[in-house]
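An overview of the molecular structure
Listed here are the chains, written in short residue letters.
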Amino acid sequence: MSEQQQIVEHVVLFKVKPDADSSKLEAMVSGLNGLASLNLTLHLSFGQLLHSRSSSLTFTHMLHSRYRSKEDLREYAVHPEHVRVVNENKPIIDDVMAVDWMSNGASVSPKPGSAMRVTFLKLKENLGENEKARVLEVIGGIKDQFQAIEQLSLGENFSHERAKGFTIASIAVLPGQADLEALDSNSEVVNLQKEKAGDSTESVVVVDYVIPPPQVANL
């Protein structure tokens with residue numbers, strides 16, 4: 001695909017404080033989903049995670065959005081409405097991790113009810129470009145193994161300030177939650193993927209998420 005057909009993926013993982021007031025959490029969900037109305041965003045969804053798997057990090061919620069360019073993402077980041085929502089919700093957040101990458105495998109917005117498996121890899125230090133390319137190739141090969149995957153977006157993180165050292169990212173979009181369970185049940189292929197990329201990987205974060213239905217504005 002050409003550069004013009006690429007899109008920017010923006011994923012933010014949140015750990016909400018366990019004692020956060022439910023009304024404040026509801027306001028956070030409403031406020032972040034409301035950012036979908038900004039003209040800069042091609043797609044935006046925020047909600048609670050289905051699963052979070054990591055040896056050292058724990059997250060509870062995820063925001064996923066897509067942009068036409070890095071410039072649109074930069075404008076979104078400093079947009080007054082985005083800044084307001086972020087500042088309002090800081091008191092109930094324990095931890096945040098954000099990863100951004102260019103993708104040419106995600107041309108349409110995933111539908112409400114679609115399931116997403118998001119994977120972040122922290123590669124071992126001093127890996128060369130050939131090793132990075134091999135890891136990306138291994139991740140990209142999963143779409144051939146699992147026909148249920150509707151979209152597979154992958155790439156190398158270009159925003160390092162809040163990524164906690166994670167550099168390779170992917171999103172697999174499937175029709176629904178049952179397809180995630182089918183993915184896990186095929187242990188032979190899953191283990192083969194881990195084996196191929198394991199030599200180059202220091203740590204992994206995997207989260208599962210089901211896109212909620214659009215919010216209805218309160219009149």
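Below or above, wherever it landed, is the structure these notes cover. Throughout, a residue's number is its position along its own chain's written sequence, starting from 1. Restriction of local features to residues with pLDDT of at least 70 applies here, the model being predicted, together with a cutoff of 80 or more for giving and counting side-chain atom pairs; totals for whole chains, interfaces and linings are based on all residues. Side-chain metrics rest on all non-hydrogen atoms present in the structure, leaving aside hydrogens and water.

What follows covers the overall build of the protein. For the purposes of this entry, the term helix denotes a DSSP run of H or I that reaches at least four residues, the term strand denotes a run of E that reaches at least two, and both are numbered from the N terminus. Scanning the protein from terminus to terminus reveals seven helices and nine strands. We call two residues in contact whenever any of their non-hydrogen atoms come within 4.5 Å of each other. Relative to all contacts within the protein whose residues are 6 or more apart in sequence, the contacts with residues 24 or more apart total 80%. What sets the accessible areas is the Shrake-Rupley method with a 1.4 Å probe; for residues, cover comes only from the shown protein chains. For the protein, the exposed surface amounts to about 11600 Å²; the carbon and sulfur share of it is 49%.

Attention now moves to the side chain of His82. Assignment of secondary structure puts His82 in helix α3 (residues 80-89). Since its relative accessible area comes to 14%, His82 is described here as buried. If sequence neighbours within four positions are ignored, His82 has contacts with Leu35, Tyr76 and Ala77. Partly exposed residues are those whose accessible area sits between 20% and 50% of the maximum for their type, while under 20% is buried and over 50% is exposed, using a 1.4 Å probe and protein chains only.

Pairing of side chains with opposite charge becomes possible as their charged atoms draw close. Should a side-chain nitrogen of Lys or Arg be within 4 Å of a carboxyl oxygen of Asp or Glu, the pair is scored as a salt bridge. Following the criterion strictly, the structure yields eleven salt bridges and no others. Measuring nitrogen to oxygen at the nearest pair gives 3.5 Å for the salt bridge that ties Asp184 to Arg53. With Asp184 in helix α6 (residues 177-185) and Arg53 in strand β3 (residues 51-54), the pair connects residues that are 131 residues apart, well separated along the chain. Taking relative accessible area as the criterion, Arg53 reaches 33% and is therefore assigned partly exposed. Between Lys132 and Glu129 there is a salt bridge whose closest N-O contact spans 3.7 Å. Of this pair, Lys132 and Glu129 both sit in helix α4 (residues 129-140), three residues apart, which is roughly one turn of that helix. Taken together, the shared-partner salt bridges connect Arg53, Arg117, Asp184 and Asp208 into one network.

What follows concerns the sheet that holds strand β9 (residues 201-210). When DSSP finds two or more bridges between a pair of strands, those strands are recorded as paired. Spatially, the five strands line up as an open sheet ordered β3-β9-β6-β8-β7, and their pairing is antiparallel. Either end of the sheet is taken by a strand with one partner, and the two such strands are β3 and β7 (151-156). Direction aside, neighbouring strands of the sheet carry axes that sit 10° apart on average. Alignment of strand β6 (residues 115-123) against strand β8 (residues 168-174), held across seven bridges, turns out to be antiparallel. By the bridge assignment for β8, Leu121 is matched with Ile168. Axis geometry follows a simple rule: fit a line to the C-alpha atoms, using only the stretch in contact for helices, then measure angles between N-to-C directions, giving values from 0 to 180 degrees. The sheet strands contacting α4 are β6, β7 and β8, and the helix crosses β7 at an angle near 170°. The strands touched by α6 are β3, β6, β8 and β9; relative to β6, the strand with the most contacts, the crossing angle is about 45°.

This brings us to the nonpolar core. Val11, Leu13, Met62, Met97 and Phe120 are the most contacted members of the largest nonpolar core, which totals 21 residues. Apart from the residues within four sequence positions on either side, Met97 is in contact with Val11, Val12, Leu13, Leu57, Phe59, Phe120, Arg162, Ala163, Lys164 and Phe166. Leu35, Phe46, Leu63 and Ala98 belong to the second-largest nonpolar core, a separate cluster that totals 19 residues. Residues belong to one nonpolar core when they are buried, are Ala, Val, Leu, Ile, Met, Phe, Trp, Tyr or Cys, and are joined through side-chain atoms within 4.5 Å.

Relative to the helices and strands, Asp208 resides in strand β9. Through-space distance from the C-alpha of Asp208 to that of Leu180 is 8.0 Å; in sequence the pair is 28 residues apart. For Asp208, the residues in contact, after removing those within four places along its chain, are Leu49, Leu50, His51, Arg53, Met116, Arg117 and Leu180. Whenever two N or O atoms come within 3.5 Å, that pair is a polar contact, provided that in protein one can donate a hydrogen and the other can accept it, and provided that, for residues adjacent in sequence, both atoms are side-chain atoms. Within the structure, the side chain of Asp208 is placed 3.2 Å from the side chain of Arg53, a separation counted as a polar contact. Here Arg117 takes part through its side chain, which lies 2.8 Å from a polar atom of the side chain of Asp208.

Contact geometry for helix α2 (residues 70-78) and α3: axes closest at 5 Å, N-to-C directions at 55°. Between α2 and α3, the angle falls in the class oblique. Here α2 contributes Tyr76, Ala77 and Val78 to the contact with α3, which in turn contributes Pro80, His82 and Val83. Here the nonpolar group is Ala, Val, Leu, Ile, Met, Phe, Trp, Tyr, Cys and Pro; Asp, Glu, Lys and Arg are the charged ones; every other residue, Gly included, is treated as polar. Class assignment for the residues of the contact of α2 with α3 results in five nonpolar, one polar and no charged. By the definition adopted for this analysis, an angle is roughly parallel if under 35 degrees, roughly antiparallel if over 145, roughly perpendicular if from 65 to 115, and oblique otherwise.

Pairing is antiparallel in the open sheet, where four strands are placed in the order β2-β4-β1-β5. Looking at the sheet topology across the chains shown, the edges are occupied by β2 (41-48) and β5 (93-103). Pairs of neighbouring strands in the sheet enclose a mean axial angle of 10°, with direction left out of account. Bridging between strand β1 (residues 7-16) and strand β4 (residues 61-67) involves seven bridges; their strand directions are antiparallel. Residue pairing for β4: Val11 is matched across the bridge by His64.

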